[in-house]
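Chains, contacts and geometry: an overview
Residue strings, one per chain:
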Amino acid sequence: MSDDTTSNAPITDIKRTPVFGGSKAEKKKPENEGLEIFKTVFYALLIALVLRVLLFQPFTIPSASMEPNLYEGDYIVVSKWSYGYSRHSMPFSPEIFEGRLFGSAPKRGDVAVFKLPRDNRTDYIKRVIGLPGDRVQMIDNLLHINGVAVQDVVVTSNDLSNMFGQQVIQARETLPGGKTFTIQDFGPGNDVDNTIVFEVPAGHYFMMGDNRDNSVDSRYDEMQGVGMVPAENLVGKAEIILLSWEPGASLWNPVSWFSKIRPSRFFRVLD
């Protein structure tokens, strides 16, 4: 009898758990797991937002205006701290303050991302050519800054042509201060090969694309092109090409991830 009682006791205890539906701690476990998942996602998004606002932001190049240094489909990284922070450093450019915090002036020749002045929303990328107080002019297809022609040495003038049959010319241009980089144009006779003298106001910058005859930039007024760019509109300095795909690559077409890839442009530091 004593053996039967002893052996039955644990059996009764084991059956009691499913009968009463488990402990309160067990019932709350799914709820706690959901809360933990939410907190993990929230903190991950918060960290990503902080990194995006304060440190780095990725951009994809949508056009040929910066060839031969940036091509359509290049995926670049922009440093946000290079010029300090404005409302345009944050998503949707909220009007919470004016000017720049920890501001630092861009250098002549920097490749900069900025918000288009006429809408303060569209991201543009060009090269900083004119600093506050500069006088910028194109004369016979040659850039002049403060009355002095910029050194321009042709490096290629071969059989390449654009879609309209115009010859593509590449040259090494050296700006005042020593910054040297490659530009591209289609020779003389194009729309802005001769311009007025542009005087850059205080707190503004004059921007040009490296693909000189295929760039709507500060040579065009604010209603047609870029105009003068306020310092507040600067987003950051383009630092490196991280990845690159030819036009036609699509996130929804996995085959294009491999057929359109340009590995030779990966991790290329920008001039």
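Let me sum up the structure you'll find in this document.

Cut-offs and rules
Residues numbered from 1 in each chain as written. Predicted model: local features only at pLDDT ≥ 70, side-chain atom pairs only at ≥ 80, totals over all residues. Heavy atoms only, no water. Helix = DSSP H or I, 4+ residues; strand = E, 2+ residues; numbered from the N terminus. Buried < 20%, exposed > 50% of the residue type's maximum accessible area, 1.4 Å probe, protein only. Polar contact = N/O pair within 3.5 Å; in protein donor to acceptor, adjacent residues only side chain to side chain. Contact = heavy atoms within 4.5 Å. Phe/Tyr/Trp six-rings, centres within 6.5 Å; stacked < 30°, edge-to-face > 60°. Core = buried A, V, L, I, M, F, W, Y, C linked by side-chain atoms within 4.5 Å.

**Examining the overall build of the protein chain**
For the protein chain, the count of helices and strands is three helices and 15 strands. Taking all 271 residues of the protein chain together, 38% fall into the buried category.

**Some thoughts on the side chain of Ser218**
Tracing the backbone through its elements, the reader meets Ser218 in the loop between β12 (204-208) and β13 (229-230). A relative accessible area of 2% means that Ser218 is categorised as buried. Polar side-chain contacts of Ser218 include one of 2.6 Å to the backbone oxygen of Gly227. Those residues in contact with Ser218, other than ones at most four positions away along the chain, are Phe198, Tyr205, Phe206, Met207, Val226 and Gly227.

**Observations regarding the packing of aromatic side chains**
Under the definition given, this model contains five aromatic pairs. Taken together, a centroid distance of 6.3 Å and an interplanar angle of 55° make the contact between Trp245 and Phe266 tilted. Residue Trp245 is found in the loop between β14 (234-244) and α3 (254-259), and its partner Phe266 is found in the loop between α3 and β15 (268-269); the two are separated by 21 residues along the sequence. A residue is classified by how much of its surface remains accessible, and Trp245, at 25% relative accessible area, is partly exposed. Look at Phe266 and Phe267: their rings are 6.1 Å apart centre to centre, the planes differ by 90°, and that puts the pair in the edge-to-face class. In this structure Phe266 comes out as partly exposed when scored by relative accessible area, which is 22%. Among the aromatic side chains, those forming a connected cluster through ring pairs are Trp245, Phe266 and Phe267.

**Structural notes on the nonpolar core**
Counting residues in hydrophobic clusters, the biggest one holds 15 residues, and the most contacted among them are Ile129, Val136, Leu143, Ile145, Leu175, Phe206 and Met208. Of all elements in the fold, only β5 (135-139), β6 (142-145), β10 (180-185) and β12 reach the threshold of two or more residues within this core. Residues in contact with Leu175, not counting those within four places in the same chain, are Arg108, Gly109, Val128, Ile129, Leu143, Ile145, Val150 and Phe181. Ile61, Leu70, Val78 and Leu270 belong to the second-largest nonpolar core, a separate cluster that totals 13 residues.

**Concerning the environment of Pro132**
Along the chain, Pro132 falls in the loop between β4 (123-130) and β5. For the pair Pro132 and Gly203, spaced 71 residues apart in sequence, the C-alpha separation works out to 6.1 Å. The contacts of Pro132, once residues within four sequence positions are left out, are Val200, Pro201, Ala202, Gly203, His204 and Tyr205.

**A look at unusual backbone geometry**
A cis amide bond, omega 10°, links Glu67 with the succeeding residue Pro68. Of note, the phi angle at Phe102 is positive, near 55°, even though the residue is not glycine. Topologically, Phe102 is positioned in the loop between β2 (74-79) and β3 (111-115). If you check the backbone angles, Asn120 has positive phi at about 55° while not being a glycine.

**Details of the environment of Phe267**
Mapped onto the elements of the fold, Phe267 is located in the loop between α3 and β15. For Phe267, a relative accessible area of 55% gives the class exposed. Taking C-alpha positions, Phe267 is 6.8 Å from Leu243, a pair spaced 24 residues apart along the chain. Setting aside chain neighbours within four positions, we find Phe267 in contact with Ile240, Ile241 and Leu242.

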